[in-house]
Amino acid sequence: MKYKKHVFVCTNQKDAGKKSCGAEHGAALVEAFKADLKERGLQVEIRAQRTGCLDVCGKGPALVVYPEGVFYGNVQLEDVAEIVESHLVNNQPVERLTLKF
Ligand code: FES
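Note that the structure is a prediction, hence the values are computed from the model and not measured.

Quick notes on the overall build of the protein chain
Reasoning step 1: Of regular secondary structure, the protein chain possesses two helices and four strands.
Reasoning step 2: Mapped in sequence order, the helices and strands of the protein chain form the string β-α-β-β-β-α.
Reasoning step 3: For the protein chain, the C-alpha radius of gyration of 13 Å lies close to 13 Å, the compact-globule estimate for 101 residues.
Reasoning step 4: Dimensions of the protein chain along its principal axes, counting C-alpha atoms only, are 40 × 25 × 25 Å.
Reasoning step 5: The burial tally for the protein chain puts 29% of its 101 residues in the buried class.
Reasoning step 6: For the protein chain, the share of sequence-separated contacts (at least 6 apart) that also reach a separation of at least 24 residues comes to 56%.

See the structure below:
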């Protein structure tokens, strides 16, 4: 596998009036993950990128981390460092933000 972890952040934008990650701060989250990973020198082994709708729109802004397939919801910009540190670096998902199905 090329990456140790792969973060897909929803940046889907729906029509005005409908809740969507892109209408909130999905794109800013992608940039925040990229910046944090780069700062730590981890951008080669851990990749963050935008993706389309993850089908949990009501719980967004949403993202999913692979290979575990752990979904996160209501992710704020100030949560990024904690997700990187705890989950991406130390393999401990941030439970308060994970979505259970
Ligand atoms: S718009 Fe983000 S999960 Fe659907």
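Here the narrative resumes, following the displayed structure.
Here's the deal with the sheet that holds strand β1 (residues 5-10)
Reasoning step 1: Read from one edge of the open sheet, four strands run β2-β1-β3-β4, paired in mixed fashion. Taken across any chain shown, the strands that pair with only one partner, and hence form the sheet edges, are β2 (46-51) and β4 (70-72). Looking at each pair of strands side by side, their axes are set apart by 20° on average, direction ignored.
Reasoning step 2: As judged from the six bridges shared by β1 and β2, these two strands associate in the parallel manner. Across the sheet, residue H6 finds its bridge partner in β2, namely R47.
Reasoning step 3: Along the sheet, helix α1 (residues 26-39) makes contact with β1, β2 and β3 (63-66), crossing β2 at roughly 170°.

What about the nonpolar core?
Reasoning step 1: Grouped together as the largest cluster of nonpolar side chains are 22 residues, with contacts concentrated most on V9, L29, F33, A62, L63 and Y72.
Reasoning step 2: Contributing elements (two or more residues each) for this core: β1, α1, β3, β4 and α2 (80-89).
Reasoning step 3: Among the elements that line this core, the one with the most residues is α1, at five residues.

With respect to the pairing of β1
Across a regular strand the side chains alternate sides, sitting on one face of the sheet and then on the other.
Reasoning step 1: You can see the chain leave β1, run along α1 and come back into β2, and the turn it takes is right-handed.
Reasoning step 2: Judged from the four bridges that link them, β1 and β3 form a sheet pairing that is antiparallel. Paired with H6 across the two strands is Y66, which belongs to β3.

What counts and how
Residues numbered from 1 in each chain as written. Predicted model: local features only at pLDDT ≥ 70, side-chain atom pairs only at ≥ 80, totals over all residues. Helix = DSSP H or I, 4+ residues; strand = E, 2+ residues; numbered from the N terminus. Rg over C-alpha atoms; globule rule 2.2 N^0.38 Å. Buried ≥ 20, exposed ≤ 12 C-beta atoms within 10 Å, placed from the backbone. Contact = placed C-beta atoms within 7 Å. Pairing = 2+ DSSP bridges. Axes fitted to C-alpha atoms, helices over the stretch in contact; angles between N-to-C directions. Core = buried A, V, L, I, M, F, W, Y, C linked by C-beta atoms within 7 Å. Right-handed = clockwise from strand over helix to strand, strands pointing away.

The values are spatial; any link to function lies outside them.
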